Structures are given as structure tokens and as C-alpha cells.
Amino acid sequence: MEIKIGSLEEIHEAAKTFIQTIGEHRVFAFFADMGTGKTTFIKAVCEELGVEDVVTSPTFALVNEYTARSGKWADSAIYHFDFYRIRKLDEVYDMGYEEYFYSGALCFVEWPELIESILPADAVRVSMRKESDGSRVLSY
């Protein structure tokens, strides 16, 4: 699947499309360069799922937890990870990553390159790139 986001004004429509096409998958690994818009897109997805909290990057906390309020995930947990600052895999083991990844909750992972060896086999690899015209393209 490929989703093009022409401008920031289109991000919520792209998030809706993403939600409609993820099927029964639960763990999504976002591979993209710094500044491509991973956090912004994940924020839009969370908002479309009815998250009422302010969605921010969990850069220092490693994981933020939200609750979906709409759709088939209503009252379900959503975990948003950012592994940019980890120095060694032991940090991820210590946080109990398995409890999150195998909980059945939606998990959105930024900087999965740093933990690739422990991603679930069925994690959806989402590639996000910035085009020369400023648009973004998601492929998964």
C-alpha cells in the first residue's frame, strides 16, 4: 500500500486511509529519516482513533500510552515508541518491550532500526520518505 500526503492539510485524510488498511496488524515500525514527519503522522493517526490526550514524541520516556476512543479500537491502549535515544538493546529489554509488542494493542514505533532484531515477525514495516516537492509518501 502507498499513501501520498501532499500537504499538512491532507494528513488526517491519509491517517484515515492508513487506519482503514491496517487490518488486524498491531505493531507498525516507521522507518524514515529525521524530519520526515513520523511523529506528526502518528499523532494524526491517534487523533483519528479518538485519542483525547495531547500526542507527543516519547523521545525521553521511550513510550507514551494513549487510549483510543473511537472505531474498532475504542477503549484500547495505543503505545507510541521512540527509540532514537537508546544506546543499547538492554534498555529495551529492561522496559519490558514484550509486554507492549505482544499485548494486542496498537504499537507505533519510531526508529525501529535500533531494535530491529527484536521486532515481532509480523510487524508492519512502514517506509516514509520526503519528496522534492515537500510531500510525503508512506509505503507498507
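Read on for an overview of the structure. Here the structure is a predicted model, which means the values were calculated and not measured.

Describing the sheet that holds strand β2 (residues 27–31)
Here comes step 1: The strand order across the open sheet formed by 7 strands is β1-β7-β6-β2-β5-β4-β3, and the pairing between neighbours is mixed. Looking at which strands have only one partner, the edges of the open sheet turn out to be β1 (2–5) and β3 (63–67). Neighbour-to-neighbour, the strand axes of the sheet open up by a mean angle of 20°, direction not taken into account.
Here comes step 2: Across 4 bridges, β2 lies against strand β6 (residues 124–130) in parallel orientation. Among the inter-strand pairings, Phe-30 is bridged to a residue of β6, identified as Val-126.
Here comes step 3: Contacts from helix α2 (residues 38–48) reach β1, β2, β3, β4 (77–82), β5 (106–110), β6 and β7 (136–139), with the element oriented near 165° to β5.

Rules and cut-offs
Residues numbered from 1 in each chain as written. Predicted model: local features only at pLDDT ≥ 70, side-chain atom pairs only at ≥ 80, totals over all residues. Heavy atoms only, no water. Pairing = 2+ DSSP bridges. Helix = DSSP H or I, 4+ residues; strand = E, 2+ residues; numbered from the N terminus. Axes fitted to C-alpha atoms, helices over the stretch in contact; angles between N-to-C directions. Contact = heavy atoms within 4.5 Å.

All quantities given are derived from atomic positions and should not be read as evidence of function.
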